[in-house]
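Structural overview
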Amino acid sequence: MTGRFIVFEGPDASGKTTQAIRVADRLGAVFTREPGGSRIGDHIRGLLLDPQYAEMSMRTEALLYAAGRAQHVDEVIRPALIDDLDVVCDRFIASSLAYQGVARGLGVDEVYALSHFATGGLLPDLVVLVQVPPEVSLARLSGRHDRIEQAGLDLFAEVSKAYEAFAAADPARWVVVDGTGPIDEVALQVDAALAERLP
């Protein structure tokens, strides 16, 4: 595989999706997202985010994310990389580690094992963490919240701390940008990081 695999991570409403789409367009890369990214994955996304499934167990949630990721990698990400295309993905393994492994209490090692199996060991070349405080994340959400967003401030705080820990533990792969400013200011940080980190 010769294409570059760039992942954008961050709490809900951090602005990571906006930046991921912008970067994919600038690089001429394949843009994709999780949960979803494939026909099967989009069906799984519907189950995961629909508030009517409030009774979903945490293990079911983790398994569904892994199932969608397996399809996503096999159908979209790996074929694009093999074809020498860059791929920019909105969320990947670290989202599961932060949300299910840490915030849901399932354990980082256990959730990582699921994702490692699902992806066949595929890891991103670079993870861009667009970080905002949990209060900012919650304030930016408006209207009807999905099933995950309904968990509220406590979950967002746990997720934010988890992301910070992941970035600190793997600085060669991760870069952190401040997502609290205007979109153009965040974009400058992102572009500077990409210029420094990617060949």
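Scroll up to find the structure.
Worth saying up front: this structure is predicted, and the values here are computed from it rather than measured.

As for helix α5 (residues 108-119)
An ideal rise of 1.5 Å per residue puts 16 Å on 12 residues; α5 measures up with 16 Å between its terminal C-alpha atoms. Looking only at α5, the buried set comprises V111, S115, A118 and T119. The buried residues of α5 occupy an angular sector of 85° when the element is viewed end-on, so they sit on one face. Counted as exposed and oriented over 90 degrees from the buried face of α5: D109, E110 and F117. Structurally, α5 contributes buried residues whose contacts are with α3 (58-82) and α4 (93-103). Phi turns positive one or two residues past the end of α5, at G120, with a value near 65°.

Points about the nonpolar core
Counting 27 residues, the largest nonpolar core has F5, I77, F92, Y163, F166 and W174 as the members making the most contacts within it. Of all the secondary-structure elements, those providing two or more residues to this core are β1 (5-9), α3, β3 (87-90), α4, β4 (126-131) and α7 (153-169). For this core, the element with the highest residue contribution is α7, accounting for 7 residues. If we skip the residues at most four places from it in the chain, F166 touches A94, L97, A98, V102, V108 and W174. Ranked by size, the runner-up nonpolar core spans 17 residues in total, among them I6, A24, V130 and V186.

A short note on α3
Taking 1.5 Å per residue, 25 residues should reach 36 Å; α3 reaches 34 Å between its end C-alpha atoms and fits that length. Helix geometry: α3 is bent most strongly at V73, by close to 50°. Positive phi appears at D84, one or two residues downstream of α3, with a value of about 70°.

Rules used throughout
- Residues numbered from 1 in each chain as written.
- Predicted model: local features only at pLDDT ≥ 70, side-chain atom pairs only at ≥ 80, totals over all residues.
- Heavy atoms only, no water.
- Helix = DSSP H or I, 4+ residues; strand = E, 2+ residues; numbered from the N terminus.
- Expected span 1.5 Å × (residues − 1).
- Buried < 20%, exposed > 50% of the residue type's maximum accessible area, 1.4 Å probe, protein only.
- Arc of directions from axis to C-beta.
- Contact = heavy atoms within 4.5 Å.
- Core = buried A, V, L, I, M, F, W, Y, C linked by side-chain atoms within 4.5 Å.
- Bend = angle between axes of the 7 residues up to and from the residue.

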